[in-house]
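Architecture and fold: a report
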Number of protein chains: 2
Amino acid sequence: MEQIYNFSAGPAVLPKTVLQQARDEMLDWHGSGMSVMEMSHRGNEFISIIENLENDLRELLDIPQNYKVLFLQGGASSQFAMVPMNLLQNKTQADYINTGEWSKKAINEAKQFCTVNIAASSEQMHFTYAPTQDQWHLDPAAAYVHYTSNETIGGVEFNWVPKMLDTHIPLVADMSSNLLSRPLDVSLFGLIYAGAQKNLGPAGLTLVIIREDLLASPLANTPTLFNYQAHAKNNSMLNTPPTYAIYITGLVIAWLKKIGGLETIEQINISKANLLYDLFDTSDFYHCPVTKSDRSRMNVPFTLKDPSLDNAFLEQAKDNGLIQLKGHRSVGGMRASIYNAMPIEGVANLVAFMKDFAHKNA
Amino acid sequence: MEQIYNFSAGPAVLPKTVLQQARDEMLDWHGSGMSVMEMSHRGNEFISIIENLENDLRELLDIPQNYKVLFLQGGASSQFAMVPMNLLQNKTQADYINTGEWSKKAINEAKQFCTVNIAASSEQMHFTYAPTQDQWHLDPAAAYVHYTSNETIGGVEFNWVPKMLDTHIPLVADMSSNLLSRPLDVSLFGLIYAGAQKNLGPAGLTLVIIREDLLASPLANTPTLFNYQAHAKNNSMLNTPPTYAIYITGLVIAWLKKIGGLETIEQINISKANLLYDLFDTSDFYHCPVTKSDRSRMNVPFTLKDPSLDNAFLEQAKDNGLIQLKGHRSVGGMRASIYNAMPIEGVANLVAFMKDFAHKNA
């Protein structure tokens, strides 16, 4: 096997030691004689796996006791509906911050269920920045405030947590692409959700962290599987959970703990991101459209000065084992996703290739 | 590793060759340098995996061209809501056949969305048989007719396909625990669904086969992820699908094709089931509550004449490598689930143990 570095935005690279352990345990988990895929979700073996994962997550993120951790299916896209269906309660409107393609999807889904107030938006500037809080126009009648803490496509990240003026209004965040990439004060949020397939594990698992006082009866006509309270009451066993994805996520979280937790991974992530952003700041061959203060540490979009070189760039990168660098079809250009599991060597190799490519094509 | 036989009702045993292949490909799928878990769902590699799976399923089940095959999340429990949300259209009622715990769950969820007419029920006889069609009272105003082709908990299986008097009313079946265990005429159905974690693959994937004319706008307030039409338009890529579960299911289906397809597996499944049912019919130590004609080939519930021996039975079975034999908490007793991937040696070992246990405790 040739060494490759996979810059996919998700599903994405996983730690090699995690994959090795999964390989070694594939036919026989801890002497049980079973693959984790074959285990009853109500058996002692799997219960220990899901409980260990929850405990490790609680420890890493210091999740307060009055928050439930739910392991669901359906991706962040399901959360776009579950959030209004469960959190509106007797209100009819919600505040949304619009910072890119994923914000827009959340907003469009919420419009099915309530009036959406766009409290701030960077759309007129092509989603190249995160509006500072003095630009937000929050509505006191909102059931909640929703924002996307990192835009996977646009590469815009909030490097700060919004402050709620009315602390009775919960803050909700889609953290699909930056949860666990840095320390976080969970107590500032009412609800956090994340699809697993970036920093957590494989596709098919969705993590929800919800403050217990927000668990209440949802809107009429809400499917039971979209009811947070029902999931919480059943400890994520309302129906069969995605057991193998939970197992792999458990291995990833154990790896993260072992290498030093969120403070350590944050330093590594800053170093990796700087390798790329420093190149943009010293080159006029490459350009990053995002305002400096709001550049994502996870997803790094960039363009070549001469777009006619795009295909050559992607082909030669691939020849060098650097894959999945094409930008999202909605924005074009390039994008390097450098999640927790991307080793710094991968980013260093990419930067070396980019310098060489710029030199040869200047 | 000690050889064990796992009679779990799901997640359940998988073919050993499938797990071996998954192990061997864990770090490098077909020379790609990636695990399947790390692949972009829109990349060529994964597209080939999902397309091969669909093609193999279409070939095995001879799925007509006017049916869509969807790969979803959320389990059969999500389908309990998706079916009425999408199939009611301008009608307000649906017919349900009530043959056990899973029928009841489907019925209770449907009641959120419409009037449910129980067209037939075996509840008064403790769900021990499948009502013949002359006992059904179908309503011509029903939007669809729903039944559970195999009750995983009660061990009741329909060995026949219901006939629709009004062919404009679609027949809908929850086939979670017997799809792909025998040949099937898909053209008799409007919609078939199945959670993967029995005969198909790992938990976290749900298969839906739907006739194209049933793809239409769902009820108001239906989450986009619960909209069959939206999934069909996007070829199951409305959002990130559960990629690894799809890959494993692809390996399972390829294995099924290789060993001879549905005719072959049906013969094997009959042989396996007969080993157990023949024992019940020649023993008064064990008892199967299900009417002979409706006994499931997949899930075999039974009781011991003396329930005070239950724990000893389970413990000694486990000592013999025969695990997950405890009946569902809602019905008690024992249950042996003997899906496609359970080798006949496993059932033979179980029967030998049961004879020995009966002999020693008679």
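Right above here is the structure, for reference.
Now for a description of the structure that goes with this document. (Residues numbered from 1 in each chain as written. Chains lettered and ligands numbered in written order. Predicted model: local features only at pLDDT ≥ 70, side-chain atom pairs only at ≥ 80, totals over all residues. Heavy atoms only, no water.)

1. Brief notes about the nonpolar core
With 189 residues, the main nonpolar core has Tyr244 and Tyr286 of chain A together with Tyr244 and Tyr286 of chain B as its most contacted residues. Setting aside its immediate chain neighbours within four residues, Tyr286 of chain A contacts Leu279, Phe280, Phe302, Thr303, Leu304, Phe313, Met354, Phe357 and Ala358 of chain A. Grouped together as the second largest cluster of nonpolar side chains are 60 residues, Cys114 of chain A together with Val83, Leu87 and Ala232 of chain B included. (Core = buried A, V, L, I, M, F, W, Y, C linked by side-chain atoms within 4.5 Å. Buried < 20%, exposed > 50% of the residue type's maximum accessible area, 1.4 Å probe, protein only. Contact = heavy atoms within 4.5 Å.)

2. Here's the deal with the relation of the copies chain A and chain B
For the pair chain A and chain B, the superposition axis carries a translation of 0.0 Å, the fit reaches an RMSD of 0.0 Å, and the rotation angle comes to 180°. Given the turn and translation reported, the copies of this chain are related as if by a two-fold rotation axis. Relative to the rotation axis, the closest C-alpha in chain A is found at Arg23 of chain A, a distance of 2.4 Å. A symmetric contact is evident, with 100% of the interface residues of chain A recurring at the interface of chain B. (Least-squares fit on C-alpha atoms with pLDDT ≥ 70 in both.)

3. Things to note about helix H6 (residues 243-258) of chain B
Residues and elements named next belong to chain B. The terminal C-alpha atoms of H6, which comprises 16 residues, lie 23 Å apart, in line with the 22 Å expected from a rise of 1.5 Å per residue. The element H6 is largely enclosed, with a buried count of 13 among its 16 residues. Trailing H6 by a residue or two, Gly260 shows a phi angle of about 125°, which is positive. (Helix = DSSP H or I, 4+ residues; strand = E, 2+ residues; numbered from the N terminus. Expected span 1.5 Å × (residues − 1).)

4. Notes on the interface of chain A and chain B
In this complex, chain A contributes 58 residues to the contact, which on the side of chain B involves 58 residues. In total, chain A and chain B occlude about 4700 Å² of area from one another, counting both sides; carbon and sulfur atoms represent 60% of this. Of all residues in chain A, the largest losses of buried area upon contact with chain B belong to Leu27, Met37 and Glu38 of chain A, amounting jointly to 14% of the total for that side. Here chain A and chain B share zero salt bridges between them. The residue inventory of the side of chain A that touches chain B, partitioned by class, reads 26 nonpolar, 24 polar and eight charged. (Buried area = accessible area lost by both parts, 1.4 Å probe. Salt bridge = Lys/Arg side-chain N within 4 Å of Asp/Glu carboxyl O. Nonpolar A, V, L, I, M, F, W, Y, C, P; charged D, E, K, R; others polar.)

5. Focus on unusual backbone geometry
Residue and element names in this part refer to chain A. With an omega of -10°, the peptide bond between Gly10 and Pro11 qualifies as cis. Inspection of the secondary structure assignment puts Pro11 in the loop between strand S1 (5-6) and helix H1 (16-24). Here the phi dihedral of His30 falls at roughly 50°; this positive angle occurs in a residue that is not glycine. The topology assignment puts His30 in the loop between H1 and helix H2 (44-61).

6. What to know about the side chain of Asp95 of chain B
Residues and elements named next belong to chain B. Within the element layout of this structure, Asp95 appears in strand S3 (residues 93-98). No salt bridge is formed by the buried Asp95; its nearest oppositely charged neighbour, Lys91, is found at 9.6 Å. Reaching out from Asp95, the side chain makes a polar contact with the side chain of Asn117 at a distance of 2.5 Å. (Lys, Arg positive; Asp, Glu negative; His and termini not counted. Polar contact = N/O pair within 3.5 Å; in protein donor to acceptor, adjacent residues only side chain to side chain.)

7. Here we look at the packing of aromatic side chains
Residue and element names in this part refer to chain A. In total, this model carries 39 aromatic pairs over all chains according to the counting rule given. On the numbers, 4.9 Å between centres and 80° between planes, the contact of Tyr147 with Phe158 is edge-to-face. Highlighted residues: Tyr147 in strand S5 (residues 145-148) and Phe158 in the loop between strand S7 (156-157) and strand S8 (171-174), separated in sequence by eleven residues. According to the relative accessible area criterion, Tyr147 is buried, its value standing at 1%. Under the relative-accessibility criterion, Phe158 is labelled buried at 4%. Seen from their ring centres, Tyr277 and Phe280 are 5.9 Å apart, and the 75° between their planes marks the pair as edge-to-face. Taken together, the residues span about one helical turn, with Tyr277 and Phe280 both in helix H7 (residues 261-281) at a distance of three residues. What makes Tyr277 buried here is its relative accessible area of 5%. Taken together, the ring pairs connect Tyr277, Phe280, Phe285, Tyr286, Phe302, Phe313, Phe353 and Phe357 into an aromatic cluster. Lying over the aromatic face of Trp102, Lys105 brings its terminal NZ or CZ to 5.2 Å of the ring centre. (Phe/Tyr/Trp six-rings, centres within 6.5 Å; stacked < 30°, edge-to-face > 60°. Lys NZ or Arg CZ within 6 Å of the ring centre and 35° of its normal.)

8. Remarks on the pairing of strand S14 (residues 334-337) of chain B
Residue and element names in this part refer to chain B. Burial along S14 is two-sided: Met334 and Ala336 and Arg335 and Ser337, pointing in opposite directions, are all buried. Pairing geometry for strand S12 (residues 299-304) and S14, over four bridges, is antiparallel. Its bridge partner being in S14, Val300 is matched across the sheet by Ala336. (Pairing = 2+ DSSP bridges.)

9. Some thoughts on the sheet that holds S3 of chain B
Residue and element names in this part refer to chain B. Spatially, S2-S10-S9-S8-S5-S3-S4 is the arrangement adopted by the seven strands of the open sheet, whose pairing is mixed. Sheet topology places strand S2 (67-72) and strand S4 (115-121) at the edges, where each strand pairs with a single neighbour. Along the sheet, successive strands turn relative to each other by an average axial angle of 20°, direction set aside. The sheet contact formed by strand S9 (residues 191-195) and strand S10 (residues 206-211) spans five bridges and is antiparallel. (Axes fitted to C-alpha atoms, helices over the stretch in contact; angles between N-to-C directions.)

10. Things to note about the packing of H1 of chain A against helix H6 (residues 243-259) of chain A
Residues and elements named next belong to chain A. Look at H1 against H6: their axes get within 9 Å of each other, and the N-to-C directions meet at 135°. It follows that H1 is oblique to H6 by the angle criterion. Crossing hand, H1 versus H6: right-handed. Each of Thr17, Val18, Gln21 and Ala22 in H1 lies in contact with H6, whose residues at this interface are Tyr244, Tyr247, Ile248, Leu251, Val252 and Trp255. Classifying every residue of the contact of H1 with H6 by side-chain character gives eight nonpolar, two polar and no charged. (Parallel < 35°, antiparallel > 145°, perpendicular 65-115°, else oblique. Left-handed = near helix turned anticlockwise from the far one by under 90°.)

11. Describing the environment of Gly327 of chain A
Residues and elements named next belong to chain A. Inspection of the secondary structure assignment puts Gly327 in the loop between strand S13 (322-323) and strand S14 (334-337). You can call Gly327 buried: its relative accessible area is 11%. Taking C-alpha positions, Gly327 is 18 Å from Leu279, a pair spaced 48 residues apart along the chain. Once you skip the residues sitting within four places of it in the chain, Gly327 turns out to touch Gly332, Gly333, Met334 and Arg335.

12. What about the pattern of salt bridges?
Evaluated as defined, the whole model comprises 22 salt bridges over all chains. Between Glu266 of chain A and Arg297 of chain A there is a salt bridge, with its nearest N and O atoms 3.0 Å apart. With Glu266 of chain A in helix H7 and Arg297 of chain A in the loop between strand S11 (286-287) and strand S12 (299-304), this residue pair connects regions lying 31 residues apart in the sequence. Both residues of the pair, Glu266 of chain A and Arg297 of chain A, belong to the buried class. Its salt-bridge partner being Lys360 of chain B, residue Asp356 of chain B comes within 2.8 Å of it at the nearest N-O pair. Taken together, the positions of Asp356 of chain B and Lys360 of chain B, both in helix H9 (residues 344-361) and four residues apart, correspond to about one turn of that helix.

13. Focus: the sheet that holds S12 of chain B
All names here are of chain B. Within the open sheet, the three strands sit side by side as S11-S12-S14. Their pairing is antiparallel. The sheet is open, and its two edges are formed by strand S11 (286-287) and S14, each paired on a single side. Here two bridges tie S11 to S12, and the two strands are oriented antiparallel to one another. Each bridged residue has a counterpart across the sheet, and for His287 the counterpart in S12 is Thr303. Each of S11, S12 and S14 touches helix H7 (residues 261-281); the most contacted strand, S12, lies at about 25° to it.

14. Regarding H2 of chain A
Residues and elements named next belong to chain A. Taking 1.5 Å of rise per residue, the 18 residues of H2 would be expected to cover 26 Å, and the 26 Å separating its terminal C-alpha atoms lies within 8% of that figure. Residues of H2 that are buried: Phe46, Ile49, Ile50, Leu53, Asp56, Leu57, Arg58, Leu60 and Leu61. The elements touched by buried residues of H2 are strand S2 (67-72), strand S10 (206-211), H6 and H7. The first or second residue beyond H2 is Asp62, which carries a positive phi of 50°.

15. Some details on the pairing of S3 of chain B
Residue and element names in this part refer to chain B. The buried fraction of S3 is high, at six of six residues. Alternating positions in S3 separate into two faces, Gln93, Asp95 and Ile97 on one and Ala94, Tyr96 and Asn98 on the other, with burial throughout. One ladder, built from six bridges, connects S3 with S4; its direction is parallel. Directly across from Asn98, in S4, lies its bridge partner Ser121.

All quantities given are derived from atomic positions and should not be read as evidence of function.
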